[in-house]
Amino acid sequence: MSIQIDKNKCISCGKCCDICPGNLIDKDDENKAFIRLPEECWGCTACLKECPVEAIKYYLAADIGGKGGYMYSKNHGEYMDWYIVSADHKKYCIKINKKVSNAY
Ligand code: SF4
Ligand code: SF4
């Protein structure tokens, strides 16, 4: 279970570094984010939700039926769009109202 960070998209804001509860993301010599210890990522998705430029992907491995697909998220004000891209490149979107999803 792990994420991948696209350095070409990263704008070096540091939000993912600050939010990761395991302190697993750092900056490299070019001030771009990278995951230091991918094997320790437990997939909480906090970093995906914080990234303002969708530079972070979360891989959907075979053990959860992903077979090499991935997902990423995009903020739209009170909504969060979750994009799931399957291994055969089909894209699905799940739109979540953040106010409702956080109302326990
Ligand atoms: S998914 Fe969670 S644990 Fe993994 S790197 Fe992102 S914030 Fe850290
Ligand atoms: S949150 Fe996104 S843009 Fe900001 S440092 Fe992390 S990967 Fe780069």
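Residues numbered from 1 in each chain as written. Chains lettered and ligands numbered in written order. Predicted model: local features only at pLDDT ≥ 70, side-chain atom pairs only at ≥ 80, totals over all residues. Heavy atoms only, no water.

Enquirer: Where do I start with the overall build of the protein chain in this structure?
Expert: Each helix and strand counted, the protein chain has three helices and seven strands in total. In terms of overall size, the protein chain behaves like a compact globule, its C-alpha atoms giving a radius of gyration of 14 Å where 104 residues would be expected to give roughly 13 Å. Along the three orthogonal principal directions, the C-alpha set of the protein chain runs to about 35 × 30 × 25 Å. Looking at the protein chain as a whole, 36% of its 104 residues qualify as buried. A fraction of 32% describes how many contacts in the protein chain between residues 6 or more apart in sequence connect residues 24 or more apart. When the accessible surface of the protein chain is totalled, it reaches about 6700 Å², and 52% of it is carbon and sulfur. (Helix = DSSP H or I, 4+ residues; strand = E, 2+ residues; numbered from the N terminus. Rg over C-alpha atoms; globule rule 2.2 N^0.38 Å. Buried < 20%, exposed > 50% of the residue type's maximum accessible area, 1.4 Å probe, protein only. Contact = heavy atoms within 4.5 Å. Areas by Shrake-Rupley, 256 points an atom, 1.4 Å probe, with all protein chains shown as cover.)

Enquirer: I tried to follow unusual backbone geometry on my own but got confused; where do I start?
Expert: Generally, phi is negative for residues other than glycine and the peptide bonds are trans, each holding for most cases. Even without a glycine there, the phi angle at Ser12 is positive, about 65 degrees. Summarising the element assignment, Ser12 is placed in the loop between β1 (3-5) and α1 (15-19). The phi angle at His89 is positive, at roughly 70 degrees, despite the residue not being glycine. For His89, the position within the fold is in the loop between β6 (79-85) and β7 (91-97). According to the relative accessible area criterion, His89 is exposed, its value standing at 68%.

Enquirer: Sorry, what's going on with the pairing of β6 here?
Expert: Working note: regular strand, side chains alternate between the two faces of the sheet. With five of seven residues buried, β6 lies mostly within the body of the structure. Here seven bridges tie strand β5 (residues 69-76) to β6, and the two strands are oriented antiparallel to one another. From the neighbouring strand, Ser73 faces β6, where its bridge partner is Trp82. The antiparallel pairing of β5 with β6 creates a hairpin that spans two residues between the two strands, and Gly77 there sits at a positive phi of about 60 degrees. (Pairing = 2+ DSSP bridges.)

Enquirer: In this structure, what is going on with the site of ligand 1? I would like to understand it.
Expert: Surveying the vicinity of ligand 1 reveals the residues Ile3, Cys20, Pro21, Ile25, Ile35, Cys41, Trp42, Gly43, Cys44, Thr45, Ala46 and Cys47. For the shell around ligand 1, the class distribution of residues is ten nonpolar, two polar and no charged. (Near = heavy atom within 4 Å. Nonpolar A, V, L, I, M, F, W, Y, C, P; charged D, E, K, R; others polar.)

Enquirer: Mind showing me how you'd approach the sheet that holds β5 here?
Expert: For sheets, the rule is that strands pair by backbone hydrogen bonds, running either parallel or antiparallel. What the five strands build is an open sheet, ordered β1-β4-β5-β6-β7; its pairing is antiparallel. Edge positions in the sheet fall to β1 and β7, since each has one partner strand and no second. When the angles between neighbouring strand axes are averaged without regard to direction, this sheet yields 25 degrees. (Axes fitted to C-alpha atoms, helices over the stretch in contact; angles between N-to-C directions.)

Enquirer: Explain the packing of aromatic side chains here, please?
Expert: Within this structure, the stated rule accounts for three aromatic pairs. Where Tyr59 meets Tyr70, the ring centres are 6.0 Å apart and the plane angle is 55 degrees; that geometry is what we call tilted. With Tyr59 in strand β4 (residues 56-60) and Tyr70 in strand β5, this pair connects stretches of sequence that are eleven residues apart. Pairing Tyr72 with Tyr83 gives two aromatic rings, centres 5.1 Å apart and planes at 20 degrees, and the pair type is stacked. Highlighted residues: Tyr72 in strand β5 and Tyr83 in strand β6, separated in sequence by eleven residues. What makes Tyr72 buried here is its relative accessible area of 14%. In textbook terms, an aromatic cluster arises when at least three aromatic residues are bridged by ring pairs, as seen for Tyr59, Tyr70, Tyr72 and Tyr83. The residue whose ring lies beneath Lys91 is Tyr83, and the NZ or CZ to ring-centre distance is 5.3 Å. (Phe/Tyr/Trp six-rings, centres within 6.5 Å; stacked < 30°, edge-to-face > 60°. Lys NZ or Arg CZ within 6 Å of the ring centre and 35° of its normal.)

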